[in-house]
Amino acid sequence: MSAANEVEILLVEDSPEDAALTMRALSRRNLANRVHLARDGAEALTYLRDMGKPKVMLLDLKLPKVTGLEVLRQVKSDPRLRSLPVVILTSSREEPDIATAYDLGANSYIVKPVDFEQFVRAVSDAGLYWLLINQPPQH
Amino acid sequence: MSRIARYRARLPVPAIHPLCRRNWSEMHRWNRLSLAAKLPLTIGILLLLACGTMTAVTYRYVRTSATDLAVDRLELAATRVSELITQSARTRLAQLQLAAGRASAAEYLRRPSEGQRAVLTSVLAEYVGKSQTPVAVELWDAEYRTVAQAGVAFETVPPGTRRAWLAPDANPRGTIVPFRRSGERLVYAVIVPVYEDEYVVGHLVERRVVAQSGQAAAMLTGLIGEEAVLLLGNARDEIWTDTTRIVSLPDAARSSGAARYRRADGAEALVHTVAVADTPWMVAAEFPVAIVMRPATRFLRTALGALVLLSAGGAFVGWVVCQRMTTPLRQLTAAAEAIAASGTAPPIATSRVDEVGRLARSFNTMADEVTQGRQRLEGVVAELDRRVRERTTALEQANGELEAFSYSVSHDLRAPLRAIDGFGRILVEDHAAELSAEARKCLDVINHRTKHMGQLIDDLLTFSRLGRHPLTRGPVDMTAIARSSMDEAARSNAHRLISTVVHPLPSADGERSLVGQVFENLVQNAFKFTRTRATAVVEIGHEVRDGLVLYYVRDNGVGFDMQYADKLFGVFQRLHRAEDFEGTGVGLAIVDRIIRRHGGRVWADATVDGGATFYFTLPEESSRR
C-alpha cells in the first residue's frame, strides 16, 4: 500500500534452516534485502493486517499456531488481500494438500526439493517471476 | 427379520417324491379342502355307504319276507276255501241223493203217476225253497230228457251235452260238473244217478249260480285282509269268477301253486291256486303285489329318511370333532407363522393330554428353542457387529495415524535433509578456501547420500499411499500407456542406443495412473539394467496362457539369479550392489502392490546376464460391469 513499504516478499517459515536457505536462494537474484520473515501463521496475519500487502507471499504449510492453509484461506477471503499472490513453498507432496491449496486460491505450489541446487533454482526462479515478471493489478 | 429371511433362503428345497408328484394333480382338489371339511365329508360318505348297503340288504330281505308271508297266507286261504268248497260239494251230493230217495225218483221214472209226481214235485220244491241262491233242480230220464223240474229256469241244455257232462268213469255216487257260463254268471251242476236195481234209470240234477258264501269271504278277510281276492273257476279252461262277475285267468295263474302275474287291470298280483278236491274246479287266492310290498316300501321310505338324517348327523358330529381337533392346529399354525415372522410366539395354552396336546407342548418347547436360538444368534450377530465396529474404528484410527505419519515423513523428514544438504553446499561455497580436498570429498558423500535418502522418502510415501487409497477402476488402454512409459524413459536416456518395441496390447480394467506407474517402473528398471549393453533391447508385449492375458516387459540386461526371485518384490530388497545400479529397492515393491490391489499377479523370469522378463496379469476389461 504505502510506497514507502520496502518489503516485497513476505516469507512465512518456521524452520530457521529453511528460512536461511530460502534467503540464500533469493539473494542469488538480489531479492533478499526486501524480505520480511514471519515465524508462524499468526505473525504473518498480524503483519499483513498492520503493514499492508507485499508483492508476493511465500507460505509454508506446516506452521505453528495458525497453519499455512488457514493463513491462505483468510488472505483469499479478505477483499483487501485477495489479489496478493500466494506461493505455497512446502515439503508436502501430498495430493490433498495440493488440492486444498488450489481450492483456497493459491497462485502456485512448489514442493521444496531436498537437493540444494534444485532448491535454490526453484525458489530464486519463483521470486524472480513474481517480483519482476508478474504484473499485479494497479490500485 | 431380513437376516432370518436370508437364513431361510439358504435352506434346501425339499425334493418331491415322484410318487407324490404323480398323484398330486388327482389329489389336488381334495388336498385343497381343509380338515374341517374333509372329516365331516368322509364320515358322511362312509355312513351313507354303510347305511345304504344295510338298507338295501334289509329291503331285499323285507321284500322277500313279505312275499313269502303273502304266498303262505294265500296258500292257506286258497286251501281252506277249497276244503270248504269240497265239503260243500259233498254236502250237496249227499243232500241231492237224500232228496232223490225221498222223492222216490226211481219209482216215478219207472211208473210215472200223478201221485208220484205230486210227491216228487213237493220234495223238489222243498229242496229249492231251502236255498238262498238261485237254484234249479231237474229230474232227467235215462235219455237225459227233463221229466220234472223246480226253481229258476236256466237255459235248456240239449241231451247230448248232458250226456257229455257225465264222463264214463264218473263217480257212481254223483258228479260235479265244471262251470258253465250263463249270461254274466257262472252256473254249476251237481248230478246224482237214480238207481233201479243197480241200473241207472235217470239223474237228479241241481244247477246253481256261483255265489260268494259269507263264510268264505269272512275267512278270507280274516286270513289275509280285505285286499285279497278269491277266484273260482274250472281247472281246464278260462271260465273263472270272483263270484260277482266273470273274469279270465291266464294259464300262468291256473297251475297249482304260487305264481305272479299281471292282471287285466294292469296291476301285478301274487296268486296261489289250489285244486278243489272231488270237483273239476280250482280256487285261487290273489293279492296285489303293491299291497304285499307296502310294508317293504314303508320300510324303505323310513330307512332312507333315517339314512339321510344319520349321515347328516354323522357329518355334523365330524365337523364338531374336527373343530375341536383343528382349533389347536390353527393356533399352532398361527404361532408358527408368528415365529417365522418375528421369531417369538406366545406359548399355546392346552390342557389336553391327547396327541394334539402333545403336539402343542412339543411346539411350545420348539418355539422356546427357536426363540432362545434366535436370541443367541442375535447376541452373536450383535457381538460380531460390535467387533466389526471396533475393528473398523481401530482401522480408521490406524489409517488416520498412518496418514499423519506419512504427512510428517513427507514434511519433517525432508526438512532436515534439505538443511544438511543445503548447509553442506553453503560450506563449500562460502568456505571453499578453508576446506581440504578430503573435507570436500566428505561433503560430496553427504550430498550424495542425502539425495538418495530424499528419493527413498519419496518412494516410501508412494508405496504407503498405494495401500490407503481406494482404486478408481475403468478401462485402460494398455498400448497407449505402455508406449507413453517407453517414450518417457527413452527421452531421459536419449544418449543411449536402445531398441524399444511396443506390441499392441489388449485393454485391461484398472486405475489408469497406477497401471501407468507399473509400466513406468518396469521400463525404468529395464533401461537401468541394460545400461552395460552396447545395444539395449526393451520390449513390451503380451501372451495368452490358459485363457489369461500376460503382459510382459522384457530386456536383454544383466538379469538376475532366479534363486533370489522371491526377494525381488520386497521393500528395500535389492539384487544388485548400489555401486553397480542405483535404486531404493522400492520400485518393484510398488509394482507388486499395484498389481495385487487390482487382483492380478506379477512375477519375473530371468537368468544371470541373460536379460529379464517381468510378467503381470490384470482383470480383463469386460470383467467389470
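No experiment lies behind these values; they were computed from the predicted model shown.

Trainee: So what exactly am I meant to see when it comes to the interface of chain B and chain A here?
Mentor: Interface extent is often summarised as the accessible area lost during association of the parts. Contacts between chain B and chain A engage 24 residues on the former and 22 residues on the latter. Taking both sides of the interface into account, the surface hidden between chain B and chain A amounts to around 2100 Å²; carbon and sulfur atoms contribute 51%. The three residues of chain B that bury the most area against chain A are Tyr407(B), His411(B) and Arg418(B), which together make up 34% of that side's buried surface. Counting across the interface, chain B meets chain A through six salt bridges. Between Arg24(A) and Glu429(B) there is a salt bridge, with its nearest N and O atoms 3.1 Å apart. Scanning the region where chain B abuts chain A turns up nine residue pairs in polar contact (both at pLDDT 80 or more). Looking at the side of chain B that touches chain A, the elements with two or more residues in it are α11 (355-431) and α12 (437-468) of chain B. Of all the elements, α11(B) adds the most residues to the side of chain B that touches chain A, at 17 residues.

Trainee: Looking at this structure, how should I read empty space enclosed by the protein?
Mentor: Over the atoms, a rolling probe the size of a water molecule traces out where space has been left empty. Residues and elements named next belong to chain B. Per the stated rule, a full pass over the model turns up one cavity of 30 Å³ or more. Considering only enclosed or pocket space, the largest cavity measures out at about 60 Å³ in volume. Lining the largest cavity are Glu155, Trp165, Val177, Pro178, Arg180, Arg181, Ser182, Val187, Tyr188, Ala189 and Arg207. At the level of secondary structure, the elements contributing two or more residues to the lining of the largest cavity comprise β3 (175-182) and β4 (185-196).

Trainee: How do you make sense of the pairing of strand β17 (residues 602-606) of chain B when you look at a structure like this?
Mentor: Consecutive side chains of a regular strand alternate in pointing toward one face of the sheet and then the other. Of all five residues making up β17(B), four are buried, and the element is well covered by its neighbours. In this structure, the hairpin formed by β17(B) and strand β18 (residues 612-616) of chain B is closed by a connection of five residues, where Asp609(B) is found at a positive phi of approximately 70 degrees.

Trainee: Would you take a moment to explain the confidence of the model for chain B for this structure?
Mentor: Atom-level detail of predicted coordinates should not be read off regions where pLDDT is low. Residue and element names in this part refer to chain B. Of the residues in chain B, 93% have a pLDDT of 70 or more, and the chain-wide mean is 83. Put simply, helix α1 (residues 2-10) is where chain B has its lowest mean pLDDT, 52, and β18 is where it has its highest, 94. Scoring the predicted complex yields pTM 0.46 and, for the interface, ipTM 0.81.

Trainee: Would you explain the sheet that holds strand β4 (residues 86-90) of chain A in this entry?
Mentor: Whenever strands of a sheet pair, they do so through backbone hydrogen bonds, lying parallel or antiparallel. Residues and elements named next belong to chain A. Ordered in space as β2-β1-β3-β4-β5, the five strands form an open sheet in which the pairing is parallel. Lying at the two open borders of the sheet, with one neighbouring strand each, are β2 (35-38) and β5 (108-111). When the angles between neighbouring strand axes are averaged without regard to direction, this sheet yields 20 degrees. Packed onto the sheet, helix α1 (residues 16-27) meets β1 (9-12), β2, β3 (56-59) and β4 and runs at close to 155 degrees relative to β1. Relative to the sheet, helix α5 (residues 116-133) contacts β1, β3, β4 and β5, its axis offset from that of β5 by approximately 165 degrees.

Trainee: So what exactly am I meant to see when it comes to the nonpolar core here?
Mentor: One broad trend across soluble globular proteins is that nonpolar side chains are buried collectively. Judged by nonpolar contacts, the single largest core of 54 residues is most densely connected at Leu139(B), Leu204(B) and Val283(B). With 42 residues, the next largest nonpolar core counts Ile481(B), Ala526(B), Leu588(B) and Ala604(B) among its residues.

Trainee: Would you explain the pattern of salt bridges in this entry?
Mentor: Going through the model one piece at a time under the given rule, you end up with 38 salt bridges over all chains. The salt bridge partner of Asp18(A) is Arg418(B), with a shortest N-O separation of 2.7 Å. In this pair, Asp18(A) is assigned in helix α1 and Arg418(B) in helix α11, connecting two distinct chains. For Arg418(B), a relative accessible area of 0% gives the class buried. Each of the salt bridges in this network shares a partner with another, and the network as a whole consists of Glu13(A), Asp18(A), Asp60(A), Lys112(A) and Arg418(B).

Trainee: What exactly am I supposed to notice about the packing of aromatic side chains here?
Mentor: Aromatic ring pairs are described here by two measures, namely the spacing of the ring centres and the angle between the planes. Residues and elements named next belong to chain B. Considering all chains together, one arrives at 14 aromatic pairs over all chains under this definition. Centre to centre, the rings of Phe569 and Phe614 are 6.2 Å apart; their planes meet at 90 degrees, and the pair counts as edge-to-face. Highlighted residues: Phe569 in the loop between β16 (548-555) and α15 (587-597) and Phe614 in strand β18, separated in sequence by 45 residues. Assigned by exposure class, Phe569 and Phe614 land together as buried. Above the ring of Tyr615, the side-chain terminus of Arg545 is found at 5.4 Å from the ring centroid. Looking at Arg601, its charged tip hangs above the ring of Trp603, at a distance of 4.2 Å from the centre.

Trainee: Help me out: how do you make sense of helix α10 (residues 294-342) of chain B in this one?
Mentor: Residue and element names in this part refer to chain B. Given a rise of 1.5 Å per residue, 49 residues ought to cover 72 Å, and the 69 Å separating the end C-alpha atoms of α10 matches this to within 8%. Along its length, α10 reaches its greatest deviation from straightness, about 30 degrees, at Thr326, and the proline Pro328 lies no more than four positions downstream. Buried within α10 we find Ala296, Ala303, Leu307, Ser311, Gly314, Gly318, Cys322, Thr326, Pro328, Leu332, Ala335 and Ile339. One or two steps after α10, the chain reaches Gly343, where phi turns positive at roughly 90 degrees.

Trainee: Would you explain the sheet that holds strand β2 (residues 146-151) of chain B in this entry?
Mentor: Residues and elements named next belong to chain B. Pairing is antiparallel in the open sheet, where five strands are placed in the order β2-β1-β5-β4-β3. Bordering the open sheet on either side are β2 and β3, each of which pairs with just one other strand. Neighbour-to-neighbour, the strand axes of the sheet open up by a mean angle of 20 degrees, direction not taken into account. Where β3 meets β4, six bridges bridge the pair, whose relative direction is antiparallel. Pairing of Arg180 across the sheet is with Val187, part of β4. This element, helix α3 (residues 35-102), spans β3, β4 and β5 (199-209) of the sheet and lies at about 45 degrees to β4. Sheet strands touched by helix α5 (residues 114-129): β1 (135-141), β2 and β5. Its angle to β2, the strand with the most contacts, is close to 40 degrees.

Trainee: What exactly am I supposed to notice about the environment of Ser124(A) here?
Mentor: All names here are of chain A. Among the structural elements, Ser124 can be located in helix α5. For Ser124, a relative accessible area of 4% corresponds to the buried category. Sequence-wise, Ser124 and Arg29 are 95 residues apart; in three dimensions their C-alpha atoms are separated by 6.5 Å. Dropping the residues within four chain positions of it, Ser124 is found in contact with Ala25 and Arg29.

Trainee: So what exactly am I meant to see when it comes to the packing of α3(B) against α10(B) here?
Mentor: Two packed helices can be described by the angle between their axes and the distance between those axes. Residues and elements named next belong to chain B. The contact between α3 and α10 brings their axes to 7 Å, and the two run at 160 degrees. Between α3 and α10, the interaxial angle falls into the category roughly antiparallel. Seen from above, α3 lies across α10 with right-handed handedness. Taken together, the residues of the contact of α3 with α10 sort by class into 21 nonpolar, 10 polar and one charged.

What counts, and where the lines are drawn
Residues numbered from 1 in each chain as written. Chains lettered and ligands numbered in written order. Predicted model: local features only at pLDDT ≥ 70, side-chain atom pairs only at ≥ 80, totals over all residues. Heavy atoms only, no water. Contact = heavy atoms within 4.5 Å. Buried area = accessible area lost by both parts, 1.4 Å probe. Salt bridge = Lys/Arg side-chain N within 4 Å of Asp/Glu carboxyl O. Polar contact = N/O pair within 3.5 Å; in protein donor to acceptor, adjacent residues only side chain to side chain. Helix = DSSP H or I, 4+ residues; strand = E, 2+ residues; numbered from the N terminus. 1 Å grid on protein atoms, 1.4 Å probe; cavity = no way out; pocket = protein on both sides within 12 Å on 5 of 7 lines; lining within 4 Å. Points joined across faces, edges and corners; volume = space filled by probe spheres on them. Buried < 20%, exposed > 50% of the residue type's maximum accessible area, 1.4 Å probe, protein only. Pairing = 2+ DSSP bridges. pLDDT = per-residue confidence, 0-100. Axes fitted to C-alpha atoms, helices over the stretch in contact; angles between N-to-C directions. Core = buried A, V, L, I, M, F, W, Y, C linked by side-chain atoms within 4.5 Å. Phe/Tyr/Trp six-rings, centres within 6.5 Å; stacked < 30°, edge-to-face > 60°. Lys NZ or Arg CZ within 6 Å of the ring centre and 35° of its normal. Expected span 1.5 Å × (residues − 1). Bend = angle between axes of the 7 residues up to and from the residue. Parallel < 35°, antiparallel > 145°, perpendicular 65-115°, else oblique. Left-handed = near helix turned anticlockwise from the far one by under 90°. Nonpolar A, V, L, I, M, F, W, Y, C, P; charged D, E, K, R; others polar.

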